[in-house]
Amino acid sequence: MSVLTVVLALFAALSNAAASVLQRRAAAQDEDRAGAVHTVVHSLLRLIRDPYWVGGAALLALTTVLQAAALAVGSLAVVQPLMATELLFTLVVGSMIFHRRPDRRTWLAFVALAVGLALFLGAASPSAGHDTATPGRWPWALLALFCVVTGFAAAGRLVHGAPRAALFGSASAVAFGGTAALLKEVTGRFPQGAGAVLTQWPLYATGVVGVISFLLLQSALRAGTLAASQPALTLGDALTSVGLGWGLFGEEIGLGVRVLPELIGVALIGLGSVGLARAPSVHGAWDTAPAARDGPGGGRPRQEQQKSRPPGLPAHHERDVRRQE
């Protein structure tokens, strides 16, 4: 692992975390403004006018550039696991955006995640592999990605709340892992010249899969809080990328006696992610409070908001009242 690869991957993780927080901020506020139609397309038409969402979209574009640069100089099995630090950056950036100070339990969860990641990468020591995929393997890889993403998305449509956010986050994670692998394929073909890259399929496949990943991410952000979607999104991306790096680019990780510390590292990553999802600092209203403050009626005192509800109106109709206001 070169220093340049690590630095570029960490900056990409920071940019992606900030993008997720800003877009979740916009999605949370949009929940109070949404009308009867809740499709992704109608939601996006509203969100493109939100400065938080636009800022998040710009950061997603920056993430792509930084990620491509990291993949050009490092292996997929190194870059994408390092992107798991996005969870750490999500806590920091989210705490500033949502004005929630993390508690000790939350920090312990993130320490476990960081130590687990360092232990796994240090023990696995992924090899560089090939710049481009082994011929003939991309069709099978794309078929597998399609089946897994479709399965997660279909299951997500059957449930609601946190499970839906987790399932759509998992679908988005697998799709983003595929996008990263395609992006590495594109950067690996740079030596062939710009003309060759522009006339070959990987560049356009990267765009298509990237758009699908983006739409799945929007569904995950609207379905529930970051505590539900972000662990699945980040860890799923890392695991998918390690598998694709091995299957497509011949990247290998250390085995033998190294398996034990690798498994300990994976266990710590899992414990840290579960701890994050259950931590009081990020559970429930952590990333929904700004919507309540900045949405319709958000600037009024609580007593005044309660008085604005007509007498006898059930609590579950309060959102409709806020929309009419």
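Residues numbered from 1 in each chain as written. Predicted model: local features only at pLDDT ≥ 70, side-chain atom pairs only at ≥ 80, totals over all residues. Heavy atoms only, no water.

Participant: So what exactly am I meant to see when it comes to the nonpolar core here?
Facilitator: A general feature of soluble globular proteins is that nonpolar side chains tend to end up buried together. Ranked by internal contacts, the top residues of the largest apolar core, which has 44 residues, are Leu 76, Trp 138, Ala 181, Leu 216, Leu 244, Leu 248 and Phe 249. When residues of this core are assigned to their parent elements, the largest contribution, 8 residues, is made by helix α8 (residues 162-188). In this view, Leu 248 contacts Thr 132, Ala 133, Thr 134, Arg 137, Trp 138, Ala 141 and Ala 181; residues no more than four positions away in its chain are not counted. Membership of the second largest hydrophobic core comes to 6 residues, among which are Leu 60, Ala 173, Leu 217 and Leu 233. (Core = buried A, V, L, I, M, F, W, Y, C linked by side-chain atoms within 4.5 Å. Buried < 20%, exposed > 50% of the residue type's maximum accessible area, 1.4 Å probe, protein only. Helix = DSSP H or I, 4+ residues; strand = E, 2+ residues; numbered from the N terminus. Contact = heavy atoms within 4.5 Å.)

Participant: Help me out: how do you make sense of the pattern of salt bridges in this one?
Facilitator: On inspection of all chains with the given rule, the structure shows 1 salt bridge. For Glu 185, the salt bridge is made with Arg 189, and the minimal N-O distance between the two is 2.8 Å. With a relative accessible area of 16%, Arg 189 lands in the buried category. (Salt bridge = Lys/Arg side-chain N within 4 Å of Asp/Glu carboxyl O.)

Participant: Help me understand the side chain of Glu 262, please; the structure alone is not making it clear to me.
Facilitator: Relative to the elements of secondary structure, Glu 262 occurs in helix α12 (residues 259-278). When its relative accessible area of 6% is taken as the criterion, Glu 262 is described as buried. Beyond its immediate stretch of four places on either side in the chain, Glu 262 contacts Phe 120, Ala 123, Ala 124, Ile 253 and Gly 254.

Participant: Sorry, what's going on with the packing of aromatic side chains here?
Facilitator: Aromatic ring pairs are reported here in terms of the distance separating the ring centres and the angle at which the planes meet. As enumerated under the stated definition, the model contains 1 aromatic pair in all. Between the aromatic rings of Trp 138 and Trp 201, the centroid separation amounts to 5.8 Å while the plane-to-plane angle is 85 degrees, which identifies the pairing as edge-to-face. With Trp 138 in helix α7 (residues 138-156) and Trp 201 in helix α10 (residues 201-223), this pair connects stretches of sequence that are 63 residues apart. Take Trp 138: its relative accessible area is 5%, and that puts it in the buried class. Above the ring of Phe 249, the side-chain terminus of Lys 184 is found at 5.8 Å from the ring centroid. (Phe/Tyr/Trp six-rings, centres within 6.5 Å; stacked < 30°, edge-to-face > 60°. Lys NZ or Arg CZ within 6 Å of the ring centre and 35° of its normal.)

Participant: Help me understand the packing of α7 against α8, please; the structure alone is not making it clear to me.
Facilitator: A pair of packed helices is captured by two measures, namely the crossing angle of their axes and the spacing between those axes. Here α7 crosses α8 at 160 degrees, and the two axes come no closer than 7 Å. The pairing of α7 with α8 is recorded here as roughly antiparallel in orientation. Crossing hand, α7 versus α8: left-handed. Contacts between α7 and α8 involve Trp 138, Leu 145, Val 148, Val 149, Phe 152, Ala 153, Ala 155 and Gly 156 from the first element and Arg 164, Leu 167, Phe 168, Ser 170, Ala 171, Val 174, Ala 175, Gly 178, Ala 181, Leu 182 and Glu 185 from the second. Grouping the amino acids of the contact of α7 with α8 by side-chain chemistry returns 14 nonpolar, 3 polar and 2 charged. (Axes fitted to C-alpha atoms, helices over the stretch in contact; angles between N-to-C directions. Parallel < 35°, antiparallel > 145°, perpendicular 65-115°, else oblique. Left-handed = near helix turned anticlockwise from the far one by under 90°. Nonpolar A, V, L, I, M, F, W, Y, C, P; charged D, E, K, R; others polar.)

Participant: Is there a simple way to explain the confidence of the model for the protein chain in this structure?
Facilitator: Atomic detail in the predicted coordinates should be set aside for any region of low pLDDT. Within the protein chain, residue pLDDT values average 76, and 75% of them lie at 70 or more. Confidence, read as mean pLDDT per element, is least for helix α14 (residues 302-307) in the protein chain (41) and greatest for α7 (95). Within the model, the stretch residues 289-325 combines pLDDT values under 50 with 37 contacts to residues more than four positions away or in other chains. (pLDDT = per-residue confidence, 0-100.)

Participant: I keep staring at α8 and nothing clicks. Help me out?
Facilitator: Every α-helix carries 3.6 residues per turn, so stepping three or four residues along brings you back to the same face. Here α8 contains 27 residues, and its C-alpha end-to-end distance of 38 Å stays within 8% of the 39 Å for a straight helix at 1.5 Å per residue. Summarising burial for α8: 21 of the 27 residues are buried, a large majority. (Expected span 1.5 Å × (residues − 1).)

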